[in-house]
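Spelled out, the chains give:
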Amino acid sequence: MMDKRAIRSEGWRLFPKPYIGYKLFNSLFLGLNVGTIFTIYKPLDPSIYSLGGILLALAMLAIAQLYGRIMTLPWFFRISLFVELVVLAMVLFFLAHPYTWLTAMLVYAGYQATFAFGSYLVRAETLALDEDELLRRVDSAKQVGYLIGMAGSWIFYKILELRGIHSSEIKVYDLHWLLLGCEVVIIFLLVRSFGRSSR
């Protein structure tokens with residue numbers, strides 16, 4: 001009898017080594033990025049966060065209704081790639097047009113769009129990584145990446161201060177060049193993490 005809890009492979013497989021690297025760099029990105037939103041979101045009115053929270057909850061509810069269709073490895077890859085491409089677009093837009101109301105709004109909307117898939121991605125990952133040891137390695141990589149990212153952002157900001165740069169806006173803008181490089185690596189590793197079973 002087929003285990004209905006398992007994610008359907010549909011002829012695909014997940015390759016553990018690049019996937020662990022993907023999760024490491026993904027969490028490193030989060031660690032680097034953790035303090036930037038407070039500077040980027042300054043132009044936004046607080047009421048936007050309330051509206052955004054409502055829309056996020058509705059989007060997550062709608063996505064949950066699709067689990068019967070999208071709980072497959074191909075959809076896990078496509079949605080993961082979509083999320084990373086949205087993040088890449090946000091970083092590029094910020095670098096091109098920093099600190100405008102439109103940029104703050106697009107970055108906020110972009111993150112809300114990625115958060116909408118958060119529950120799905122966590123559940124799909126748990127089902128796809130059906131071995132305890134693999135789950136341990138992935139979760140360990142996440143924590144290591146996050147710690148490195150937070151430490152890296154602190155060191156980066158201190159280096160800028162030693163160079164006479166004290167403006168929060170300039171620090172966050174300069175950090176986005178690191179985020180851009182990190183996101184390119186993330187997408188590369190993600191693409192390497194999924195493929196046909198014959199690969």
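Attention here is on the structure that accompanies the text. Note that the structure is predicted; figures quoted are calculated from it, not measured. (Residues numbered from 1 in each chain as written. Predicted model: local features only at pLDDT ≥ 70, side-chain atom pairs only at ≥ 80, totals over all residues. Heavy atoms only, no water.)

**Describing the environment of isoleucine 148**
Consideration 1: Inspection of the secondary structure assignment puts isoleucine 148 in helix α8 (residues 132–162).
Consideration 2: The spacing of isoleucine 148 and phenylalanine 115 is 33 residues in sequence and 22 Å in space, taken between C-alpha atoms. (Helix = DSSP H or I, 4+ residues; strand = E, 2+ residues; numbered from the N terminus.)

**Quick look at the packing of helix α3 (residues 47–64) against helix α6 (residues 101–116)**
Consideration 1: Relative to each other, α3 and α6 sit at 30 degrees, their axes nearing to 9 Å. Our classification of the angle between α3 and α6 gives roughly parallel. Our pair here, α3 against α6, has a crossing hand that is right-handed. Taken together, the residues of α6 that come into contact with α3 (itself represented by Ile48, Tyr49, Gly52, Gly53, Leu56, Ala59, Met60 and Ile63) are Trp101, Met105, Tyr108, Gln112, Phe115 and Ala116.
Consideration 2: The class makeup of the residues in the contact of α3 with α6 is 11 nonpolar, three polar and no charged. (Axes fitted to C-alpha atoms, helices over the stretch in contact; angles between N-to-C directions. Parallel < 35°, antiparallel > 145°, perpendicular 65-115°, else oblique. Left-handed = near helix turned anticlockwise from the far one by under 90°. Contact = heavy atoms within 4.5 Å. Nonpolar A, V, L, I, M, F, W, Y, C, P; charged D, E, K, R; others polar.)

**Remarks on the nonpolar core**
Consideration 1: Membership of the largest hydrophobic core comes to 58 residues, with the highest contact counts inside it found for Tyr19, Phe29, Phe76, Tyr120 and Phe194.
Consideration 2: Take this core: its biggest share by element is 12 residues, from helix α5 (residues 73–96). (Core = buried A, V, L, I, M, F, W, Y, C linked by side-chain atoms within 4.5 Å. Buried < 20%, exposed > 50% of the residue type's maximum accessible area, 1.4 Å probe, protein only.)

Read these as layout, nothing more, since geometry by itself doesn't imply function.
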